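Each chain, written out:
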Amino acid sequence: MDGAHLGHQETSPELRRDGLTGAEAARRLAADGPNALPDRARRGWRTILGEAAREPMFLLLLGAALLYLPLGEPRESIFLLLMVVLMLGMTLYQEGRTERALQSLRNLSAPDAAVIRDGRLQRVPAAHVVRGDLVVLTEGDRVPADAVLVETNGLQADESLLTGESVPVGKRAELPTAPRVRPGGADLPWVFAGTLVVQGDGLALVAATGAHSELGRIGATLGTIRPPSGRLQHETRLLARRLAILGLAVSLLLVLLLGWRSGDWLDALLAGVALSISVLPAEFPVILTVFPAIGAWRLARNRVLTRRLAAIEILGSTSVLCVDKTGTLTENRMVLRSLWRAGSGHDVVQGDTLPPALRELVDAAVRASRPRSPDPIEEALRQAATAQPARAPPEPPARMVREYGLTAHRPAMVRVWIDGHGTVAAAKGAPETIVALCAPEERAPALAAAATMARAGLRVLAVAEARDVARPWPDDPAAWRYRLLGLVALADPLRADIPDAVAECRRAGVRVLMITGDHPETACAIARQAGLAAGGTVTGPEIARLDAAGLAARLEGVSVCARTVPGQKLAIVRALQRHGAVVAMTGDGVNDAPALRAANVGVAMGRRGTDVAREAADLTLLDDRFPSLVLALRAGRRIFSNMRKSMRYVAAAHVPITVLALLPPLLGWPVLLYPPHIVFLELVIDPACSLAFENEPDEPGLMRRPPRPPDESVLDRRALLAALLRGLWAALLLAACYGWALTRLPAAQAGATAFSALILCNLGLLLSHRQHGVGAALRTPNPVFAAIVLGALGLLAAALWLPALADLFRFAPPPGPWLALAALTAAVMVLGLQAARRSS
């Protein structure tokens, strides 16, 4: 430690000053493991490919590719195998990109620590700190492990990451055998991993590292909490499983019928595979993956990193948003707001020049502060003094000669200076401590003013000075006679964009609930500035007395939870969920991690958040901005709305494909659809159901409607039935088109005509599902939709007129009038759907 800062020290008499030996530290590191939280298991590329390859669509395509080999059709086999490789490659790229992003986020911080080993000060990686190490702590240091302070000089620690309390707490020295305590409260000898030293310095003996630390203990509990899963995933997988079973059963019957009728079992098997692929809703997993994935990509461009894709969909039904005060609603920095001197107050406005008396007050507060201190209060005082114009004539140079640091019994800082005017002691600290050093008549008005400022949510310090102090310096600075200069009041200012963001949440029917460790009056003052809905306040002690049911009832109508302690955030989240709320919660500290994991959507802070909080959360706000979370809420709603359109389109589009795969063999017509044809259709349907619908803009009034009920289905029975009827209407027209073409054209031309009509009808279904009406869809720009239409028509033209592709699809170019018939079939289908929509 810096000897200049070692004023009056508290020191443990029983201490081995030379620390551990290097050999002993290495032995303990090998025995206990690194001082780090266990890394989560990463999914390698083999695991990702294995999961993707087990999907039924991949298995069916691979089976069809192998079936073409004994038929002597290598082109069809190679075509299908290339499709399998392409789909697997896309899956591997997306999943691998997510894994790399998560690992990079975890590696954002790799601090080191100052330890005494072999009798000398060394800097080692924090992961190499072991039990028994002597750690030197100074201002600005991050505590590397849980430790007992055996020597301290006014050390204060910011433990908000563990306790939620934004005010630093003072520490005292104790014997190395001091019993272990939990974080929270002043005048304790323990410091904890992940907390920040904001003032003073000290020497600490490490007692617990890694998973055995308080930070690690909270991290370990995360393994027992399973995050809620999205209902959409469950219901979609159930629907896909049922349709898959139905499709496989019908396909098996078709294979048996065709094989028994023709005796060509391989050809029958290929027709059965084509029917299976046409019925199997392979697009549902695509939708569930691509929509959130592209949504995550869009959010990443706005500084929101998605860790669990399902969380984006869940955001669309979020009804309660639990937020921290410090750093989420506020800027997490102190600003001088008000001054009080001689019975009158003065609001500080940035850029104003202070009167001489108030300038003297601020200068004295700075003299009672350490230079370059990481304490946000002292930084705010320095900035306020620096913003004032230079004095004329300039002040004579001053030299600090003695410091009395903060202690648990004297929460005040006293620093002695010698300048051209003599020797002066500047003191600042808790109002009740400072005024006790001053004349009795000065105490009552100062304490009354301090109480008024505190009720306004301000952090208040009193400032005093003692002039013409002389050596020898006393052990206790209270021996001097002080003159009260006044009060300085500071605040963590509300972020400028918070009121608008909170107002948008209220319009969207999303309740914002502040959860903080701060004093209720401070929290309520910020809540009023932020525009939170007027509601009650519940405190940590009150929460501790309530059971789960009582807490759930008590939280009704509450807008602020103050003086909360670790564990209560988790209880709050579960109580809200008990009443049916879908909860999103923001947090940055280790104490937030269990609640982040239990919430329907956990949101961690990227700049100031801990690794434990990031690992537990579903989203990470890289810029720590609350409006970014509101943007994510909007994205969640838009994604769900577009997913619903997409799934209805998929359900409708599969009906004509299934009918044209099943009906011709049953009627004795030439088989129209084989696996290559289905793959061709998938090349249209897959980007249509994912990219085109994902690119649809927000619906009008998206953020002016209440959150959707958590049990609302993306594809309920009524919507599914309507989609199937639309698809059946298209299927009837296509079957009529194919039947009529077979009576007039050779099979190859008739098949090309019907397939062209099928592609055009598919595009018509896509158009009719985009918006409420074809006219609205045509008026709403969507470049991706236009690109898909052009691409589909280009591929269709290639399949009809390129000899190699025409042979692959068993087509012959149809005459022009028959292509016009295909277009007319699609037009009649769209007009029929539009008429049905208007009549309903």
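Residues numbered from 1 in each chain as written. Predicted model: local features only at pLDDT ≥ 70, side-chain atom pairs only at ≥ 80, totals over all residues. Heavy atoms only, no water.

### What to know about the sheet that holds strand S23 (residues 619-621)
Ordered in space as S9-S23-S22-S21-S10-S18-S20-S19, the 8 strands form an open sheet in which the pairing is mixed. At either end of the open sheet lies a strand with only one pairing partner, and these are strand S9 (304-306) and strand S19 (536-539). When strand polarity is set aside, the average angle formed by the axes of neighbouring strands in this sheet is 20°. Bridge count for strand S10 (residues 320-323) against strand S18 (residues 511-515) is 4 bridges, and the pairing is parallel. Looking at the pairing, Leu321 lines up with Val512 of S18. In the packing of helix H23 (residues 626-667) onto the sheet, the strands contacted are S9, S10, strand S21 (583-587), strand S22 (601-605) and S23, and the crossing angle to S10 comes to about 160°. (Pairing = 2+ DSSP bridges. Helix = DSSP H or I, 4+ residues; strand = E, 2+ residues; numbered from the N terminus. Axes fitted to C-alpha atoms, helices over the stretch in contact; angles between N-to-C directions. Contact = heavy atoms within 4.5 Å.)

### Details of the nonpolar core
Ranked by internal contacts, the top residues of the largest apolar core, which has 108 residues, are Leu321, Phe626, Tyr649, Leu673 and Phe755. With 18 residues, the single largest contributor to this core is H23. Counting residues in hydrophobic clusters, the runner-up holds 28 residues, among them Leu576, Val583, Ala595 and Ala616. (Core = buried A, V, L, I, M, F, W, Y, C linked by side-chain atoms within 4.5 Å. Buried < 20%, exposed > 50% of the residue type's maximum accessible area, 1.4 Å probe, protein only.)

### Side note on the pairing of S10
Side chains of S10 alternate between two faces, with Val320 and Cys322 and Leu321 and Val323 buried alike. Note that S10 and S21 share 3 bridges and pair parallel. Opposite Cys322, over in S21, you have Met585 as the bridge partner.

### Description of the sheet that holds strand S14 (residues 412-419)
Across a sheet, paired strands are connected by hydrogen bonds in the backbone, their directions being either parallel or antiparallel. A sheet is described by the order of its strands in space; here 7 strands give the open sequence S12-S11-S17-S16-S15-S14-S13, paired in antiparallel fashion. Sheet topology places strand S12 (344-347) and strand S13 (399-404) at the edges, where each strand pairs with a single neighbour. Averaged over all pairs of adjacent strands, the angle between their axes in this sheet comes to 25°, without regard to strand direction. Relative to strand S16 (residues 459-467), strand S15 (residues 422-429) runs antiparallel, the two sharing 6 bridges. Looking at the pairing, Ala425 lines up with Ala466 of S16.

### Section: the packing of helix H24 (residues 675-694) against helix H26 (residues 747-770)
Contact pair H24 / H26: the axes reach a minimum separation of 11 Å and the direction vectors enclose 15°. Here H24 is positioned roughly parallel relative to H26, judged by the angle of their axes. In terms of crossing hand, the pair formed by H24 and H26 is right-handed. Between H24 and H26, the contacting residues are His677, Phe680, Leu681, Val684, Ile685, Ala688, Ala692 and Phe693 on the first element and Phe755, Leu758, Ile759, Asn762, Leu763, Leu766, His769 and Arg770 on the second. Partitioned by chemical class, the residues of the contact of H24 with H26 number 12 nonpolar, 3 polar and 1 charged. (Parallel < 35°, antiparallel > 145°, perpendicular 65-115°, else oblique. Left-handed = near helix turned anticlockwise from the far one by under 90°. Nonpolar A, V, L, I, M, F, W, Y, C, P; charged D, E, K, R; others polar.)

### Quick notes on the side chain of Asp324
Here Asp324 is to be found in the loop between S10 and helix H11 (325-329). Within the structure, Asp324 has its side chain in polar contact with the side chain of Lys569 (distance 3.0 Å). In this structure Asp324 touches Leu329, Ile515, Lys569, Thr586, Gly587, Asp588 and Asp592, once residues within four positions along its chain are discounted. (Polar contact = N/O pair within 3.5 Å; in protein donor to acceptor, adjacent residues only side chain to side chain.)

### Observations concerning helix H16 (residues 498-507)
Every buried residue belonging to H16 is among Ile498, Ala501, Val502, Glu504 and Cys505, and all of these are buried. For H16, the angular spread of the buried residues around the axis is 155°, confining them to a single face. Turning to H16, the residues buried within the fold contact S10, H11, S18, helix H17 (520-530) and H23. In the segment just after H16, Gly509 is the residue with positive phi, at about 75°. (Arc of directions from axis to C-beta.)

### Points about the packing of H23 against H24
Helix-helix packing is described using two parameters, namely the angle between the two axes and the distance between the axes. Between H23 and H24, the least distance of the axes is 8 Å, while the angle of their chain directions is 160°. By the angle between their axes, H23 is roughly antiparallel relative to H24. In this structure, the crossing between H23 and H24 has a hand that is right-handed. Here H23 contributes Arg638, Asn642, Lys645, Ser646, Tyr649, Val650, Ala653, His654 and Ile657 to the contact with H24, which in turn contributes Ile678, Leu681, Glu682, Ile685, Ala688, Cys689, Ser690, Phe693 and Glu694.

### Here we look at the environment of Arg337
Along the chain, Arg337 turns up in strand S11 (residues 335-341). Assessed through its relative accessible area of 35%, Arg337 is described here as partly exposed. Between the alpha carbons of Arg337 and Asp347 there is a distance of 6.0 Å; along the sequence they are 10 residues apart. Apart from the residues lying within four places of it in its own chain, the contact partners of Arg337 are His346, Asp347, Val348, Leu458, Ala489, Leu490, Ala491 and Pro493.

### Observations concerning a nonpolar patch on the surface
A cluster of nonpolar side chains, Leu252, Leu253, Leu256, Trp260 and Trp265, forms an exposed patch at the surface whose accessible area comes to about 640 Å². A total of 4 residues in the nonpolar patch trace back to one element, the largest contributor, which is helix H7 (residues 231-262). (Patch = residues over 30% accessible without salt bridge, like charges linked within 9 Å, V, L, I, M, F, W, Y side chains within 5 Å. Areas by Shrake-Rupley, 256 points an atom, 1.4 Å probe, with all protein chains shown as cover. Salt bridge = Lys/Arg side-chain N within 4 Å of Asp/Glu carboxyl O.)

### Side note on the pairing of strand S5 (residues 146-158)
For S5, a buried count of 12 out of 13 residues is recorded, marking the element as mostly surrounded by other parts of the structure. Looking at chain direction, S5 and strand S8 (residues 196-208) are connected through 10 bridges and run antiparallel. When the bridges of S8 are listed, Ala147 appears paired with Val206. Inspection of the sheet shows S5 paired to strand S7 (residues 190-191) by 2 bridges, in the antiparallel sense. Residue Val148 lies in a different strand from S7, and its bridge partner there is Trp190. Here S5 runs beside strand S6 (residues 169-170); their pairing, made up of 2 bridges, is antiparallel. Following the sheet pairing, Gln156 is matched in S6 by Gly170.

Keep in mind that these numbers describe shape and distance, not what the molecule does.
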